Each structure stands twice: as C-alpha cells, then as structure tokens.
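# Remarks on the overall topology
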Amino acid sequence: MDDMNESLQEAMLNRLEDGRLPCNQAFAVAQILGLEPERVGLTANDEGMRISRCQLGLFGYGPKAEGRHKIVNAMEDVPERLAARLRSEAGKDGITCRAVWRVADGLGIRRIEASSACEALGIKVSRCQLGCFPRPFVSELPSPES
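All values reported here derive from a predicted model rather than from experimental measurement. (Residues numbered from 1 in each chain as written. Predicted model: local features only at pLDDT ≥ 70, side-chain atom pairs only at ≥ 80, totals over all residues. Heavy atoms only, no water.)

## What to know about the nonpolar core
Formally: In plain words, nonpolar cores are sets of buried Ala, Val, Leu, Ile, Met, Phe, Trp, Tyr and Cys residues tied together by side-chain atoms within 4.5 Å. Burial status follows relative accessibility: with a 1.4 Å probe on protein chains alone, a residue under 20% of its type maximum counts as buried, one over 50% as exposed, and anything between as partly exposed. Comment: elements are numbered from the N terminus, with helices defined as DSSP H or I runs of at least four residues and strands as E runs of at least two. The contact rule is simple, with two residues in contact once any of their heavy atoms fall within 4.5 Å.
Met12, Val40, Ile51, Leu56, Leu86 and Ile95 are the most contacted members of the largest nonpolar core, which has 37 residues in total. Put simply, the parts of the chain that give this core at least two residues each are helix H1 (3-14), helix H2 (23-33), helix H3 (37-46), helix H4 (80-89), helix H5 (97-107) and helix H6 (111-121). If you tally residues by element for this core, the top one is H5, at seven residues. Apart from the residues within four sequence positions on either side, Leu86 is in contact with Ile95, Val103, Ala114, Ala117, Cys118, Leu121 and Ile123.

## Remarks on H4
Rules: Along the arc lie the directions from the helix axis toward the C-beta atoms.
Considered for burial, the residues of H4 that qualify are Leu82, Ala83 and Leu86. An end-on view of H4 places all buried positions within 100° of arc, on one side of the element. The exposed set on the far side of H4, more than 90 degrees from its buried face, consists of Glu80, Arg81 and Ser88. Packed against the buried residues of H4 are strand S3 (95-96), H5 and H6.

## Some points on the environment of Ala120
Inspection of the secondary structure puts Ala120 in helix H6. Discounting chain neighbours no more than four positions away, the residues touching Ala120 are Ala74, Met75 and Val78.

## Points about a negative patch on the surface
Here is the rule we go by: Patch building starts from residues that exceed 30% relative accessible area and form no salt bridge, then joins like charges within 9 Å and nonpolar side chains (Val, Leu, Ile, Met, Phe, Trp, Tyr) within 5 Å. Computed with the Shrake-Rupley method and a 1.4 Å probe, the accessible areas treat only the protein chains shown as cover for residues. For this document, the term salt bridge refers to a Lys or Arg side-chain nitrogen within 4 Å of an Asp or Glu carboxyl oxygen. The charge count treats Lys and Arg as positive and Asp and Glu as negative. His and the chain ends do not count. Think of each charge as sitting on NZ of Lys, CZ of Arg, CG of Asp or CD of Glu.
There is a patch of like negative charges on the surface, built from Asp2, Asp3, Glu6 and Glu10. When you line up the elements, Glu6 lands in helix H1. The exposure class assigned to Glu6 is partly exposed, which follows from its relative accessible area of 45%.

## Thoughts on the environment of Arg85
In this fold, Arg85 is placed in helix H4. Along the chain, Arg85 and Ala11 lie 74 residues apart, while their C-alpha atoms are 35 Å from each other. Apart from residues no more than four positions distant in its own chain, Arg85 is found in contact with Arg102, Val103, Gly106 and Leu107.

What follows is the structure, given as structure tokens:
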C-alpha cells in the first residue's frame, strides 16, 4: 500500500461516526489530501465503509426499508430563479450532485434547499460526487445491439 492510500484510509477511519463516513467528512478528507471526492467514496466502498448523511439529504439517515433513509422533502414553492438554474443544469437523465452544489453555492442557499427544489420539480439527482449512486447517463450506456 502506498503512502497516499494509507493516509486516505487513516483519515477516513478517524472520521467515522457510528461506523459510517458522513458525506461532509468524506469531502473534508478529499480536500485535505487533495483528492477527487469520488476517490474517497470509492475507497470507502472498497474498505466496506458506508457513506452517511448525504449533504443533499438523499441517503444515509436511517433504514431505507423503513423509509427513513432520506430527509429531503419537496419544497412547497420553488423560487423561479432557483427553478431556472436547476433546469438549465439538468439534462434528460437528471442533474448531478456537483451541479446541485454549484447552483446552491451560486445562489447563496443551503445545498439541501436546492435538493428540496429538485424534489419539487421532479429533477432526479443522478450522480453522486462520492460515487454512492453512479446512475449512468443514457449517453454512457452501451448501444442496443441491432
């Protein structure tokens, strides 16, 4: 194992909460070590560590079987400026986590608020920056054989 992998594993282990690595802590590790967040997420997965408490509120808050895995709810009234920005970032396959963050940060709102707006608008977050749900984009799927 090289020094970077060892440092990465140690940093992740030091940030576990109840045996899970919270999303914000995974991003902290990535920033401290100068890594892409996906590398941290994939390493966590390889090491059997589960990511918890998604910053968009989409997963990691309780048992999925009981419907308590997410905390985000659909926003009642989505401001038009927010709706327009989210729609402009979304494609036919949804919107990436990174794009939701970019919209939220650009408008000066909390990321979970942008996620709540996505829920209300029916825009699915299709790709997690940590690789937790890498739902492939249609354009990346193999062509059906003729």
